[in-house]
Amino acid sequence: MQARLKADNDATNHEPFSWSSVLRAVKDPKCWLYGLAFHTLSLPLYTLSLFLPTIIKALGYTAAQAQLMSVPPYAVATILTVAVAVASEKYKRRAPFIIGSSVVAIIGYIILLSAPSHKPGVSYVGTIFAAAGIYPATGIVLAWPANNVSGQTKRATANAMQISIGNLGAILGTQLYRPSTKPRFYLGHGFAAGYLLANILVVLTIWAVLARENRRKLETERSAVVDESPVENDDDVRWIFQV
């Protein structure tokens, strides 16, 4: 396991804690963007997980039926989370799979918002689409800074920033699914769809930033080879980001 980690990143390197590395993470715009990427997913993630039985019950099912019918969306989400993660690692791409998953989730919320109230089965399909998109996207987003941030202290700080910024979306989400808005929950579903659209925009921004920095690093390395000058051993120069 240590050999695999050593070949993959610097996770096994001995690195003492330093406040300068913490400051580097705070000053790095990419770390804030990773946090924003999770923030725009955490609202639909937590509202769906907290309120899925309530949403299903509002479609006309009993409480017991609602609990049982919350299983298939999670089953589909589990399968797709693993499948999308494997595909993402195989192709060494993160952003396209996050965006694709968010689009699937948006389709689910569009179905929930537009389905006729007398056809609960259609709305139930919407919950499956929502779960099938939210969970794969969340898994990759949470792994993204662990893949891309070099230096153990900086990486730990980036992960903490991501969770802290991200969970602010969950706090907002708990206030959206109010009893007065059932059975359609326009407020909650509308916010979730809007946040997923914002997620796509944030991920596109990260993709563009990482691609630009990768080009800069490759140009720096080529220049170093031509000039026969040493390349600085720093993540800002040597680390090739996974986009």
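Here the structure is shown first, and the text comes after it.
Here goes a summary of the coordinates provided. Here the structure is a predicted model, which is why all the values come from computation and not from measurement. (Residues numbered from 1 in each chain as written. Predicted model: local features only at pLDDT ≥ 70, side-chain atom pairs only at ≥ 80, totals over all residues. Heavy atoms only, no water.)

What follows concerns the overall build of the protein chain. Looking only at helices and strands, the protein chain features 10 helices and 0 strands. Listing the helices and strands of the protein chain from first to last along the sequence gives α-α-α-α-α-α-α-α-α-α. Out of the 243 residues belonging to the protein chain, those deemed buried represent 44%. Sequence-distant contacts, at least 24 apart, represent 77% of the contacts inside the protein chain between residues at least 6 apart. Of the roughly 12400 Å² of accessible surface on the protein chain, 66% is carried by carbon and sulfur atoms. (Helix = DSSP H or I, 4+ residues; strand = E, 2+ residues; numbered from the N terminus. Buried < 20%, exposed > 50% of the residue type's maximum accessible area, 1.4 Å probe, protein only. Contact = heavy atoms within 4.5 Å. Areas by Shrake-Rupley, 256 points an atom, 1.4 Å probe, with all protein chains shown as cover.)

Counting 52 residues, the largest nonpolar core has Tyr109, Ile134, Trp144 and Ile206 as the members making the most contacts within it. Contributions of two or more residues to this core are made by α3 (29–58), α5 (71–91), α6 (95–114), α7 (120–148), α8 (152–173) and α9 (186–227). At 13 residues, the largest contribution of residues to this core is made by α3. If near-sequence neighbours (up to four positions away) are discounted, tyrosine 109 is found in contact with Pro44, Thr47, Leu48, Ala130, Ile134, Tyr177, His189, Ala192, Ala193 and Leu196. (Core = buried A, V, L, I, M, F, W, Y, C linked by side-chain atoms within 4.5 Å.)

Turning our eyes to something else, we now look at the side chain of serine 42. When you line up the elements, serine 42 lands in helix α3. In terms of polar contacts, serine 42 uses its side chain to reach the backbone amide nitrogen of alanine 170, at 3.4 Å. Serine 42 has contacts with Gly166, Asn167, Gly169 and Ala170, leaving out every residue within four places of it along the chain. (Polar contact = N/O pair within 3.5 Å; in protein donor to acceptor, adjacent residues only side chain to side chain.)

For helix α2 (residues 19–27), every residue scored as buried is listed here: Ser21, Val22 and Ala25. Take α2 and look down its axis: the buried residues cluster within an arc of 105°, on one side only. Structural note: α2 exposes Trp19 and Lys27 on the side pointing more than 90 degrees away from its buried face. Elements in contact with the buried residues of α2: α3 and α8. (Arc of directions from axis to C-beta.)

Attention shifts here to the packing of aromatic side chains. For the coordinates displayed, the defined rule picks out 5 aromatic pairs. Relative to phenylalanine 185, the ring of tyrosine 177 lies with its centre 5.4 Å away and its plane at 50°, an arrangement referred to as tilted. For the pair shown, tyrosine 177 and phenylalanine 185 are each scored as buried. One aromatic cluster is present, formed by Phe51, Tyr177 and Phe185 through successive ring pairs. (Phe/Tyr/Trp six-rings, centres within 6.5 Å; stacked < 30°, edge-to-face > 60°.)

On to α6. Between the first and last C-alpha of α6 there are 28 Å, a value that for 20 residues agrees with the 28 Å anticipated at 1.5 Å per step. Every buried residue of α6 is accounted for by Ala95, Ile98, Ile99, Ser101, Ser102, Ala105, Ile106, Gly108, Tyr109, Ile111 and Leu112. (Expected span 1.5 Å × (residues − 1).)

Here we take up the packing of α5 against α7. The N-to-C vectors of α5 and α7 enclose an angle of 35°; their axes lie 8 Å apart at closest approach. Read as a crossing pair, α5 and α7 show a hand that is right-handed. Across from Pro72, Pro73, Tyr74, Val76, Ala77, Leu80, Thr81, Val84 and Ser88 in α5, the residues of α7 making contact are Tyr124, Thr127, Ile128, Ala131, Ala132, Tyr135, Pro136 and Ile140. Looking at side-chain class alone, the contact of α5 with α7 contains 14 nonpolar, 3 polar and no charged residues. (Axes fitted to C-alpha atoms, helices over the stretch in contact; angles between N-to-C directions. Left-handed = near helix turned anticlockwise from the far one by under 90°. Nonpolar A, V, L, I, M, F, W, Y, C, P; charged D, E, K, R; others polar.)

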